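The lines below spell out each chain.
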Number of protein chains: 2
Amino acid sequence: MPTASYPSRVKLVDVGPRDGLQNEKSPVPAAVKIALVHRLQDAGLREIEVTSFVSPKWVPQMADNAEVMAGIQRKPGVRYSVLTPNLKGFEAARASRPDEVVVFGAASEAFSQKNINCSIAESIERFAPVVEAARAAGIYVRGAISCAVGCPYEGEVAPERVAYVAQLMKQIGVQHVGVADTIGVGTPLKVQRAIEAALQHYALDDVSGHFHDTYGQALANTLAALELGVWQFDTSVAGLGGCPYAKGATGNVATEDVVYMLHGMGIETGINLDKLIDAGVYISDFLGRKTQSRAATAILNKRAG
Amino acid sequence: MPTASYPSRVKLVDVGPRDGLQNEKSPVPAAVKIALVHRLQDAGLREIEVTSFVSPKWVPQMADNAEVMAGIQRKPGVRYSVLTPNLKGFEAARASRPDEVVVFGAASEAFSQKNINCSIAESIERFAPVVEAARAAGIYVRGAISCAVGCPYEGEVAPERVAYVAQLMKQIGVQHVGVADTIGVGTPLKVQRAIEAALQHYALDDVSGHFHDTYGQALANTLAALELGVWQFDTSVAGLGGCPYAKGATGNVATEDVVYMLHGMGIETGINLDKLIDAGVYISDFLGRKTQSRAATAILNKRAG
């Protein structure tokens with residue numbers, strides 16, 4: 001039975017405050033982001049991707065990065081991570097005392113060229129000084145491998161490309177890799193192949209899954225990853241963060257939906273689903289939008305009687 | 001590897017025309033239902049649950065049952081099934097020459113009592129003459145086991161209750177059982193336990209899964225069922241049929257989402273996804289509503305460029 005191999009405990013990293021809110025047309029005020037982080041940690045999240053230290057010219061939504069990091073009342077046992085695309089960003093991030101920094105690379109050459117105008121290898125090489133500086137400062141470094149299953153420009157991405165990026169990241173000292181199905185096109189067996197490719201270079205405890213629900217596949221893909229023993233996943237409260245390649249479509253899988261599945265399978269997360277749903281209601285109300293989480297929608301309907 | 005046991009081919013029964021449309025406030029015209037059935041069979045569906053032969057007093061949406069059945073230009077190799085709650089309904093259905101009739105029973109005593117005011121055993125016993133008449137007429141009989149994982153009145157439903165209903169259905173001659181998570185509360189391991197309970201009395205080829213996406217779990221549950229070797233599932237084009245117990249919530253899993261997953265896993269369905277999406281657009285446009293299918297939404301966004 002495959003059931004024997006499921007992990008008994010799963011760690012979820014809520015990426016809502018960063019990945020979820022960075023595409024909002026009207027930037028969300030720092031106070032709201034801080035309140036969201038507080039609600040997430042009160043709900044039991046043990047890691048939160050808070051913000052990104054990128055140029056405000058490119059991502060004005062994250063211009064308040066230092067303010068948000070400074071405003072959080074940190075809770076013991078919770079890790080706060082931030083994106084750091086370059087050394088300048090890292091130096092700014094460092095003053096905010098993140099527990100973890102995130103660097104990234106695509107598994108698709110076409111995506112890398114179109115998005116950052118350089119090859120995959122070049123993009124990873126550019127992160128080397130960031131990784132070196134972070135590790136010298138004792139800060140944990142996570143690498144996100146985007147387009148790990150499919151790419152909006154070149155279609156299907158072979159598992160070998162994921163192995164290639166994982167190897168490059170390993171070489172520069174990245175400690176953990178997240179296998180990200182950025183456009184949500186993955187299905188269970190393809191996701192397993194992508195994860196197995198990352199596992200060629202990283203131990204099981206150093207690999208996480210990051211799935212988008214654009215095609216409705218995220219929970220099935222999560223189940224498929226659990227079967228390989230993967231026990232760390234990125235998720236986004238209320239499914240914050242639409243898919244930039246498909247207007248109106250779902251992006252990040254909703255944390256609530258994943259928690260509902262895991263708890264139903266007897267897998268611990270340390271998360272209180274009701275409080276998590278309240279956090280999702282808080283931010284959805286602020287954005288004037290309905291939650292993307294089906295579990296939250298169903299439970300809110302039940303609450304309303 | 002669990003992957004070794006996945007079936008290579010899956011049969012989907014689209015229940016949209018019946019299960020999907022029977023809760024519409026304004027009954028859908030027979031001509032639209034017929035056009036939908038035609039589009040589904042053109043997309044490659046091999047079985048379609050067309051209508052229900054119940055009293056129009058109770059379900060006015062299906063009052064056109066005979067008209068719909070008569071209006072379909074049947075395609076060789078496609079099966080047309082109808083619901084028959086009693087002998088009167090069966091006699092009316094028989095004149096419409098269905099390939100299959102569906103009877104039903106709940107795995108929850110509370111649900112049975114509240115819904116049809118009798119015990120589970122009594123409800124199954126009432127179907128005995130229908131089953132007898134159908135089999136005498138050479139018509140295949142499928143049984144739907146509702147609330148197989150959870151019940152809106154009594155909460156979790158034990159697998160033993162599913163085994164009990166399956167046994168009762170077997171005793172009266174029902175040839176196939178569908179394990180239905182009517183309110184969508186199931187998660188992968190619970191769904192596997194419910195299916196295994198049905199498998200105590202029915203062979204693998206005579207058991208299907210019917211999952212609702214109310215809590216976003218339907219594809220994960222489908223994957224879990226595939227792992228047990230189940231290769232037949234009920235699905236509903238465009239996710240037609242909201243959940244009657246939670247206003248605005250998703251009900252039946254969308255056929256498109258299931259097809260997308262299966263094809264991505266290399267599992268054949270005989271269905272053309274693009275034509276299926278067109279069928280979903282047709283009925284969603286008629287209802288003035290957006291499709292509930294995430295895969296269809298993503299693909300329609302891509303089509304729109």
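Our structure is the block above this text.
All figures in this text were calculated on a predicted structure; none of them were measured in a lab.

### Let's talk about the overall build of chain A
Looking only at helices and strands, chain A has 12 helices and 10 strands in total. Relative to the globule expectation of 19 Å for 305 residues, the C-alpha radius of gyration of chain A, 18 Å, shows essentially globular dimensions. The long-range share in chain A, meaning contacts at least 24 apart out of those at least 6 apart in sequence, stands at 75%. Total accessible area on chain A stands at roughly 11,400 Å², and carbon and sulfur atoms take up 51% of it.

### Some details on the interface of chain A and chain B
Contact with chain A, which involves 38 residues of that partner, is made by 39 residues of chain B. With both chains or domains summed, chain A and chain B bury close to 3,300 Å², and 60% of this area falls on carbon and sulfur atoms. Its largest share of buried area at the contact with chain B, chain A owes to Tyr215(A), Tyr260(A) and Arg294(A), together 24% of the area lost on that side. At the boundary of chain A and chain B, one finds 10 residue pairs in polar contact (both at pLDDT 80 or more). Looking at the side of chain A that touches chain B, the elements that each hand over two or more residues are α8 (188-198), α9 (218-227), α10 (255-264) and α12 (294-303) of chain A. When the residues that make up the side of chain A that touches chain B are grouped by side-chain class, the tally is 19 nonpolar, 10 polar and 9 charged.

### So, helix α2 (residues 30-42) of chain A
Residue and element names in this part refer to chain A. Over its 13 residues, α2 extends 18 Å from the first C-alpha to the last, a length consistent with the 18 Å expected when each residue adds 1.5 Å. Those residues of α2 not exposed but buried are Ala30, Val32, Lys33, Ile34, Leu36, Val37, His38, Leu40 and Gln41. Against β1 (11-14), α1 (16-20), β2 (47-52), α3 (65-71), β3 (79-83) and α11 (273-287) lie the buried residues of α2.

### A word on the relation of the copies chain A and chain B
Screw-axis analysis of chain A against chain B gives a translation of 0.0 Å along the axis, an RMSD of 0.0 Å, and a rotation angle of 180 degrees. When the rotation and shift are considered jointly, the pair of chain copies conforms to a two-fold rotation axis. Residue Ala220(A), judged by its C-alpha, is the member of chain A lying nearest the rotation axis, at 2.0 Å. Counting the interface residues of chain A, we find that 100% of their copies in chain B are interface residues as well, pointing to one common contact surface.

### Here we look at the pattern of salt bridges
All names here are of chain A. Summed over all chains, the structure comprises 36 salt bridges over all chains. Across the pair glutamate 196 and arginine 193 runs a salt bridge whose closest N-O atoms are separated by 2.9 Å. Taken together, the positions of glutamate 196 and arginine 193, both in helix α8 and 3 residues apart, correspond to about one turn of that helix. Bridged by salt links that share partners, the residues Lys11, Arg18, Asp19, Glu47, Glu49, Arg79, Glu100, Arg142 and Asp234 form one connected network.

### So, unusual backbone geometry
Residues and elements named next belong to chain B. If you check the backbone angles, arginine 97 has positive phi at about 50 degrees while not being a glycine. Secondary-structure assignment places arginine 97 in the loop between α4 (87-94) and β4 (100-106). Of note, alanine 238 is a non-glycine position whose phi angle comes to about 65 degrees, a positive value. Relative to the helices and strands, alanine 238 resides in the loop between β10 (232-235) and α10 (255-264).

### Digging into the packing of α11(A) against α12(A)
Residues and elements named next belong to chain A. Where α11 meets α12, the axes come as close as 11 Å, and the angle between the chain directions of the two elements is 100 degrees. With respect to α12, the element α11 is oriented roughly perpendicular. For the pair α11 and α12, contact is made by Leu273, Asp274, Ile277, Asp278 and Val281 and by Ala296, Ile299, Leu300 and Arg303, respectively. Of the residues assigned to the contact of α11 with α12, the class counts are 6 nonpolar, no polar and 3 charged.

### Thoughts on the packing of aromatic side chains
Inspection of every chain in the model, using the stated rule, returns 8 aromatic pairs over all chains. Taking the centre distance of 4.7 Å and the plane angle of 25 degrees together, the rings of Tyr215(A) and Tyr260(B) count as stacked. Of this pair, Tyr215(A) sits in the loop between β9 (207-211) and α9 while Tyr260(B) sits in helix α10, each in a different chain. Classification of Tyr215(A) by relative accessible area gives buried; the value is 6%. Under the relative-accessibility criterion, Tyr260(B) is labelled buried at 15%.

### What to know about the environment of Leu228(B)
Residue and element names in this part refer to chain B. Inspection of the secondary structure assignment puts leucine 228 in the loop between α9 (218-227) and β10. According to the relative accessible area criterion, leucine 228 is buried, its value standing at 18%. Sequence spacing of leucine 228 and leucine 204 is 24 residues, and the spatial spacing of their C-alpha atoms is 8.7 Å.

Parameters and conventions
Residues numbered from 1 in each chain as written. Chains lettered and ligands numbered in written order. Predicted model: local features only at pLDDT ≥ 70, side-chain atom pairs only at ≥ 80, totals over all residues. Heavy atoms only, no water. Helix = DSSP H or I, 4+ residues; strand = E, 2+ residues; numbered from the N terminus. Rg over C-alpha atoms; globule rule 2.2 N^0.38 Å. Contact = heavy atoms within 4.5 Å. Areas by Shrake-Rupley, 256 points an atom, 1.4 Å probe, with all protein chains shown as cover. Buried area = accessible area lost by both parts, 1.4 Å probe. Polar contact = N/O pair within 3.5 Å; in protein donor to acceptor, adjacent residues only side chain to side chain. Nonpolar A, V, L, I, M, F, W, Y, C, P; charged D, E, K, R; others polar. Expected span 1.5 Å × (residues − 1). Buried < 20%, exposed > 50% of the residue type's maximum accessible area, 1.4 Å probe, protein only. Least-squares fit on C-alpha atoms with pLDDT ≥ 70 in both. Salt bridge = Lys/Arg side-chain N within 4 Å of Asp/Glu carboxyl O. Axes fitted to C-alpha atoms, helices over the stretch in contact; angles between N-to-C directions. Parallel < 35°, antiparallel > 145°, perpendicular 65-115°, else oblique. Phe/Tyr/Trp six-rings, centres within 6.5 Å; stacked < 30°, edge-to-face > 60°.

Purely geometric stuff here, so don't read any function into it on its own.
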